[in-house]
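# Structural overview for review
This is what each chain is made of:
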Amino acid sequence: MRRISWMLAMVLVLSALLAACGKKDAAAVVKDLNEVVGEMESYQGAGVMTLHTGDTPQQYKVEVWHQKPSYYRIALTNAKKDVTQIVLRNDEGVFVLTPSQNKSFRFQSNWPDNQGQVYLYETLIRSITGDTTRQFADEKESYVFDVAANYNTHALVRQKIWLNKSDYAPKQVEVSDSNANVVVDVKFDSFKFGAAFEKDAFDMQRNMTAATKEGGQTGTDSGVTPAEQTGEGGKEPANPQTAPEPDGAVTDGQSGVGGDTEQQGTEGATTGQEGEEPTLAEPEGADSFGVIQPTYAPEGVQLKDDQILEEAGDYSVMLRYEGTYNYTIFEARPQDRAVSLAPSSVVDLGFTLGMISGDALKTLTWMTDGIEYRITSADLPQNEMVRIATSMQEESGK
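Residues numbered from 1 in each chain as written. Predicted model: local features only at pLDDT ≥ 70, side-chain atom pairs only at ≥ 80, totals over all residues. Heavy atoms only, no water.

### A word on the overall build of the protein chain
The secondary structure content of the protein chain amounts to 5 helices and 22 strands. Sorting the 398 residues of the protein chain into buried and exposed places 48% on the buried side. Within the protein chain, contacts between residues separated by at least 24 positions form 56% of all contacts whose residues are at least 6 apart in sequence. Only carbon and sulfur atoms are counted for the fraction: they give 50% of the accessible area of the protein chain, which is about 19,200 Å². (Helix = DSSP H or I, 4+ residues; strand = E, 2+ residues; numbered from the N terminus. Buried < 20%, exposed > 50% of the residue type's maximum accessible area, 1.4 Å probe, protein only. Contact = heavy atoms within 4.5 Å. Areas by Shrake-Rupley, 256 points an atom, 1.4 Å probe, with all protein chains shown as cover.)

Set out below in structure tokens:
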């Protein structure tokens, strides 16, 4: 009897040791994550992002493609307005496209090397591996990290990241403010490492025309899809090339814009339009969208006045605010154009990318629903600019 009891005890001890050996701690998972990123060639993910920055949560369908070394395609679809914007990076620069309205915006940037977004895998892993005070939890099917948020804004402080135990694919991300309120939430429906893309999947013109043919929709139904088989589709995508227009002119894929669009803006310009190259096409008629006012203003700031400007067939709006901070908001529906801002940096607005330019006088520029917005101020902090911009997203012209 004693022999049986002793053997049973040994079995229980060995079982406990084996179970303990199979359980990974934070250090082991971090080591694995570094290896995953180091060996990663490409990925494709899709999910839903919710922004809790206003009175009503804003939902966006997110689709993200990445191919080494530096090709990115991110499609953000406003679930309420059914309008898609595509953020694209290829060898020619970074583009923000609104295919349904044939609008394109280009600028020179090394995004997302210097900063990333919550739906980019590299950004999430960089946050985990770079935080030595990270908190770790082992749940049933997920490894959960609670780490510092690093998104170039003081409003976002912490983030929780859920990773699938089987392959370390992201499952969910929650980014919170200093009061532990969730500001951004991303839930991934799918995520695949080693995705193979068609050779022109990251070409600007291909993304514009394919999405437009499908009524402005993007994704797997647009014709810009991952390659079904390995081989040519699995290779690194070809460098985007300029395409001949019907009249023989060569353009960069943007309506009425010549191919010579690489000049940088003047160093002294501070209005947010430095380096802009206007379209050669004839101006369209005035296209009124009303006056879009932000629902947020910093404490001690009031609207001074607003003006509707209709000159040369162009409709634009200017709003001036004064008080604790003084700033101007400019809204216009521009012709298609290619833009190089110099010097500038990319700012994540959640629903799209914005560009900060200027020195003493700073300008935040972004485009959504075919409307270009600019906030210009000499004293308004960048985080306040972002809050104002975000509050305008769900507003319609009055």
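### Considerations on the environment of Asp-32
Tracing the sequence through the fold places Asp-32 in helix α2 (residues 26–39). Residue classification places Asp-32 among the buried positions, given a relative accessible area of 17%. Apart from residues lying up to four places away in sequence, Asp-32 is in contact with Lys-24 and Tyr-168. Here the side chain of Asp-32 touches Tyr-168 through a polar contact of 2.6 Å, side chain to side chain. (Polar contact = N/O pair within 3.5 Å; in protein donor to acceptor, adjacent residues only side chain to side chain.)

### Some details on the sheet that holds strand β8 (residues 142–148)
In sheet architecture, strand pairing relies on hydrogen bonds along the backbone and comes in two forms, parallel and antiparallel. Spatially, the 11 strands line up as an open sheet ordered β6-β5-β4-β3-β2-β1-β11-β10-β9-β8-β7, and their pairing is antiparallel. Edge strands, defined here as strands with exactly one partner in the open sheet, are β6 (103–107) and β7 (135–138). Across the sheet, the mean angle from the axis of one strand to that of its neighbour is 15°, orientation sign disregarded. Two strands pair when backbone bridges link them, and strand β3 (residues 71–78) and strand β4 (residues 83–90) are joined in this way by 7 bridges, in the antiparallel orientation. Bridge pairing links Arg-73 to Leu-88 in β4. Sheet strands in contact with α2 are β7, β8, β9 (158–164) and β11 (182–193), and its direction is about 90° off that of β8. Set on the sheet, helix α3 (residues 121–130) makes contact with β1 (42–51), β2 (58–67), β3, β8, β9, β10 (170–176) and β11; between it and β9 the angle comes to about 110°. (Pairing = 2+ DSSP bridges. Axes fitted to C-alpha atoms, helices over the stretch in contact; angles between N-to-C directions.)

### Quick notes on the nonpolar core
Counting residues in each nonpolar core, the largest one holds 73 residues, and the members touching the most others are Leu-33, Met-49, Trp-111, Val-118, Tyr-119, Phe-145 and Trp-366. In terms of residue count, the dominant contributor to this core is β11 (5 residues). If sequence neighbours within four positions are ignored, Met-49 has contacts with Gln-58, Gln-59, Tyr-60, Val-62, Leu-76, Val-118, Tyr-119, Val-184, Asp-185, Val-186 and Gly-350. (Core = buried A, V, L, I, M, F, W, Y, C linked by side-chain atoms within 4.5 Å.)

### Some details on the packing of aromatic side chains
Taken as a whole and assessed by the stated rule, the structure comprises 16 aromatic pairs. Aromatic side chains Tyr-43 and Tyr-121 sit 6.2 Å apart centroid to centroid with 65° between the ring planes, which places their arrangement in the edge-to-face category. With Tyr-43 in strand β1 and Tyr-121 in helix α3, this pair connects stretches of sequence that are 78 residues apart. Each of the two residues, Tyr-43 as well as Tyr-121, counts as buried. (Phe/Tyr/Trp six-rings, centres within 6.5 Å; stacked < 30°, edge-to-face > 60°.)

### Concerning the pairing of β9
Remember that side chains alternate between the two faces of the sheet whenever the strand is regular. As paired strands, β8 and β9 are joined by 7 bridges and run antiparallel to one another. When the bridges of β9 are listed, Ala-148 appears paired with Arg-158. Taking the residues that link successive antiparallel strands as the turn, the β9-β10 hairpin has 5 residues, and the phi of Tyr-168 there is positive, at about 65°.

### Side note on unusual backbone geometry
Note the cis peptide between Lys-68 and Pro-69, where omega equals 5°. Position of Pro-69 relative to the elements: it lies in the loop between β2 and β3. Unusually for a residue other than glycine, Tyr-168 sits at a positive phi of about 65°. Note that Tyr-168 resides in the loop between β9 and β10.

From the geometry alone we can't say anything about function, so treat these as descriptive.
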